[in-house]
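Residue-level listing of the chains:
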Amino acid sequence: MTMRHVGIDILYISRLRHLDGSWDDPFFRKTFTPAETALCLESAHPLDAFAGTFCAKEAVFKSLGMESDAVRLDQIEILRNETGQPAVALLPPLAEKARELGISEVHLSLSYEEDLAAAFAVSE
């Protein structure tokens, strides 16, 4: 039987509004990988993209079922697959910790509505 764990997160995008355009702020540098930053900055609405990516990272973290001190958000990478859907990559050393727990894949769904970003993740 496959074990599945779920995580969900929701974020008011306006909570990050004070950072809009301050892409070199420590929050962005510590939270997002260079690939995520590049992808978000390519968006027509970068702040919305960063908010959605942050929300996704939080949902993935929750789905892993690990202690908070075992996970750094920059070790969870949210990019897009060939069809544009969000794709999750766990980076070292988090990837090894996840494998030790039997987690081989993380599925993710993102949604936006006006000032809200929501993410739902399933780790199995």
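Sequence order sets the numbering: in each chain, residues are counted from 1 along the sequence as written. Predicted model: local features are reported for residues with pLDDT of at least 70 only, side-chain atom pairs are reported and counted for 80 or more only, and whole-chain, interface and lining totals are derived from all residues. Think of the side-chain values as coming from all heavy atoms in the structure, minus any hydrogens and water.

**Observations concerning the side chain of Ser63**
Here is step 1 of the chain: Comment: elements are numbered from the N terminus, with helices defined as DSSP H or I runs of at least four residues and strands as E runs of at least two. Mapped onto the secondary structure, Ser63 falls in helix H3 (residues 46-64).
Here is step 2 of the chain: Think of it in three bands: with a 1.4 Å probe and only protein chains considered, a residue is buried below 20% of the maximum accessible area for its type, exposed above 50%, and partly exposed in between. Classification of Ser63 as buried rests on a relative accessible area of 0%.
Here is step 3 of the chain: We call two N or O atoms a polar contact when they sit within 3.5 Å, provided that within protein one can donate a hydrogen and the other can accept it, with sequence-adjacent residues counted only if both atoms are side-chain atoms. Polar contacts involving the side chain of Ser63 include one to the side chain of Ser123, which spans 2.6 Å.
Here is step 4 of the chain: Ser63 has contacts with His5, Val6, Gly7, Val106, Ala121, Val122 and Ser123, leaving out every residue within four places of it along the chain. The contact rule is simple, with two residues in contact once any of their heavy atoms fall within 4.5 Å.

**With respect to the sheet that holds strand S4 (residues 106-113)**
Here is step 1 of the chain: Spatial ordering of the open sheet is given by S1-S5-S4, a layout of 3 strands whose pairing is antiparallel. With partners counted over all chains shown, the strands left at the sheet margins are strand S1 (5-12) and S4, one partner each. Recorded for the sheet is a direction-independent mean angle of 10 degrees between the axes of neighbouring strands.
Here is step 2 of the chain: In the sheet, S4 pairs with strand S5 (residues 116-123) via 8 bridges, with the strands oriented antiparallel. Across the sheet, Tyr112 pairs through a bridge with Ala117, a residue of S5.
Here is step 3 of the chain: Only the stretch in contact is used when fitting a helix axis, every axis being a line fitted to C-alpha atoms; angles between N-to-C directions are given from 0 to 180 degrees. Across the sheet, H3 lies against S1, S4 and S5, angled at about 150 degrees from S1, the strand it touches most. Pairing between strands requires that DSSP locate at least two bridges from one strand to the other.

**Remarks on the pairing of strand S3 (residues 86-90)**
Here is step 1 of the chain: Across 5 bridges, the pairing between strand S2 (residues 76-80) and S3 is antiparallel. Following the sheet pairing, Glu77 is matched in S3 by Ala89.
Here is step 2 of the chain: Between S2 and S3, which pair antiparallel and follow one another directly, the connecting turn spans 5 residues, one of which, Gly84, has a positive phi of 90 degrees.

**Side note on the nonpolar core**
Here is step 1 of the chain: By size, the foremost hydrophobic cluster in this structure holds 32 residues, and its most contacted members are Val60, Leu64, Ile76, Leu108 and Ala119.
Here is step 2 of the chain: Every element with two or more residues in this core is listed here: H3, S2, helix H4 (94-100), S4 and S5.
Here is step 3 of the chain: Discounting residues that sit within four places of it in the chain, Val60 has contacts with Ile76, Ile78, Val88, Leu90, Val106, Leu108 and Ala121. Within this scheme, the nonpolar core is defined by two criteria: the residues are buried Ala, Val, Leu, Ile, Met, Phe, Trp, Tyr or Cys, and they are joined through side-chain atoms within 4.5 Å.

**Focus on the side chain of Glu77**
Here is step 1 of the chain: Within the secondary structure, Glu77 is located in strand S2.
Here is step 2 of the chain: Residues counted as positive are Lys and Arg, residues counted as negative are Asp and Glu, and His and the chain ends are not counted. We define a salt bridge as a contact between a side-chain nitrogen of Lys or Arg and a carboxyl oxygen of Asp or Glu at a distance within 4 Å. It turns out Glu77 is buried and unbridged, and the closest side chain with the opposite charge, Lys57, is 7.2 Å from it.
Here is step 3 of the chain: Engagement of the side chain of Glu77 in a polar contact is seen with the side chain of Thr33, the distance being 2.7 Å.
Here is step 4 of the chain: What Glu77 contacts, discounting residues up to four positions off in sequence, is Thr33, Ala35, Glu36, Ala87, Val88, Ala89 and Leu91.

**What to know about the pattern of salt bridges**
Here is step 1 of the chain: Overall, the coordinates contain 6 salt bridges when judged by the stated rule.
Here is step 2 of the chain: Here Arg4 and Glu124 are joined by a salt bridge, their closest N and O atoms 2.9 Å apart. A residue pair is termed long-range when its members are at least 10 positions apart, and Arg4 in the segment before S1 and Glu124 in the segment after S5 qualify at 120 residues.
Here is step 3 of the chain: Owing to a relative accessible area of 53%, Arg4 belongs among the exposed residues under this scheme.
Here is step 4 of the chain: A relative accessible area of 17% places Glu124 in the buried class.
Here is step 5 of the chain: Where Lys62 meets Asp9, a salt bridge forms, and the shortest distance between an N and an O atom there is 2.8 Å. Of this pair, Lys62 sits in helix H3 while Asp9 sits in strand S1; the two residues are 53 residues apart in sequence, bridging distant segments of the chain.
Here is step 6 of the chain: On the accessibility criterion, Lys62 (38% relative accessible area) is partly exposed.

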